[in-house]
Amino acid sequence: MITGTGHVLILGGTTEARQLARTLAPVPLLRVTTSLAGRVTQPRMPDGEIRVGGFGGPGPMAAWLSEQEVAAVIDATHPFAALISANAATAAAAAGVPLVALRRPGWQPGPGDRWHHADSLDDAAALLPGLGRRVFLTTGRLGLAAFAGLDGLDFLVRSVEPPEPPLPRRTRLLLDRGPYTVEGERELLRTYAADVLVTKDSGGPATAAKLTAARELGLPVVVVRRPAPPPGVRTVPDVAAAVAELQRLGCLSPGCLSPGAIPGAAGTCP
Ligand code: NAP
């Protein structure tokens, strides 16, 4: 049986962070804390200990890591949560605590996809008038000011929490949270008569169905590229690889996790 040593901090807010917490929480002698930003009113709560709210920047975060005797930090935040990732890199370096970033791979276009890449939400907004009038906008509740000047377009905005103004003048709001199915997404795109879909390159299966549905319907998709990760941070693509990193760092004893120990994944042994 795998046992642990010390305290692991998971920076959370993603499916992978919850999966990692569920995998690590039962490990004997390991303390596991997940940190949430506290933006969502009813977050899905991870297993293990939880702390909620910003740290107050990299300085206070470094102090927290030292006070709480954190042995390793896994930054499992969303690929677009660039500020907390940068802060974590600075704080971990200052506190002398190893940091590993868990980043699900980005999506890749397949045959039949009509993707247009954008470097930012502003770039995405600039592309839209050439692609269609009715826009299904799924980039989240923040940063929608980039689209606010597009008075000639209609928007269906989907987000977990209500978005912050300013919003485009002709906006309909759909408050919802994944995972979504291809059937559901196809029906939504058809009912709304969408001409174009806008998404961040979030990666992962929970919100990928919209891409399949857009392909089936022949719709163009504007895909916003990810921000660059902080330089020099070791990055792994999935929960199994994060577990292996924790073993390498001495927070977990060597050994294999059986299939089922990592939700939705195979075990950690070949
Ligand atoms: P952000 O812009 O990178 O961070 C803004 C500030 O929020 C940080 O400086 C930090 O405050 C605080 N913060 C963010 N994540 C935190 C965490 N896990 N624990 C404690 N404090 C945190 O973050 P964001 O893009 O608003 O994302 C916020 C949360 O939502 C993250 O946990 C992320 O995983 C999740 N999320 C984000 C997206 C997205 O598209 N951005 C999508 C799905 C989920 P202090 O400086 O005070 O420490």
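Residues numbered from 1 in each chain as written. Predicted model: local features only at pLDDT ≥ 70, side-chain atom pairs only at ≥ 80, totals over all residues. Heavy atoms only, no water.

Undergrad: Can you walk me through the sheet that holds strand E9 (residues 171–175) in this structure?
TA: Pairing between the strands of a sheet is mediated by backbone hydrogen bonds and can be parallel or antiparallel. Here we have 6 strands laid out as an open sheet, ordered E6-E11-E10-E7-E8-E9, and parallel in their pairing. The strands lining the two open edges of the sheet, one partner per strand, are strand E6 (114–118) and E9. Taken pair by pair, the neighbouring strands of this sheet meet at an average axis angle of 20 degrees, ignoring direction. Taken together, the 5 bridges between E6 and strand E11 (residues 220–224) define a ladder with parallel strand orientation. Bridge pairing in E11 links His116 to Val222. (Pairing = 2+ DSSP bridges. Helix = DSSP H or I, 4+ residues; strand = E, 2+ residues; numbered from the N terminus. Axes fitted to C-alpha atoms, helices over the stretch in contact; angles between N-to-C directions.)

Undergrad: Help me understand helix H1 (residues 15–24), please; the structure alone is not making it clear to me.
TA: When you tally the buried positions in H1, you get 8 out of 10 residues, the bulk of the element. Of all the residues in H1, the buried ones are Glu16, Ala17, Arg18, Gln19, Leu20, Ala21, Thr23 and Leu24. Against strand E1 (6–11), strand E2 (30–36), strand E4 (70–75), strand E5 (99–102) and helix H7 (239–248) lie the buried residues of H1. (Buried < 20%, exposed > 50% of the residue type's maximum accessible area, 1.4 Å probe, protein only. Contact = heavy atoms within 4.5 Å.)

Undergrad: Quick question: what am I supposed to make of the sheet that holds E1 here?
TA: A sheet is described by the order of its strands in space; here 6 strands give the open sequence E3-E2-E1-E4-E5-E12, paired in parallel fashion. Edge strands, defined here as strands with exactly one partner in the open sheet, are strand E3 (49–52) and strand E12 (234–236). When strand polarity is set aside, the average angle formed by the axes of neighbouring strands in this sheet is 25 degrees. Note: E1 against E2, 6 bridges, orientation parallel. Bridging across to E2, Leu11 finds its partner in Ser35. Docked against the sheet, helix H3 (residues 82–95) engages E1, E4 and E5, running at close to 160 degrees with respect to E5. Sitting on the sheet, H7 touches E1, E4, E5 and E12, and the angle it makes with E12 is about 140 degrees.

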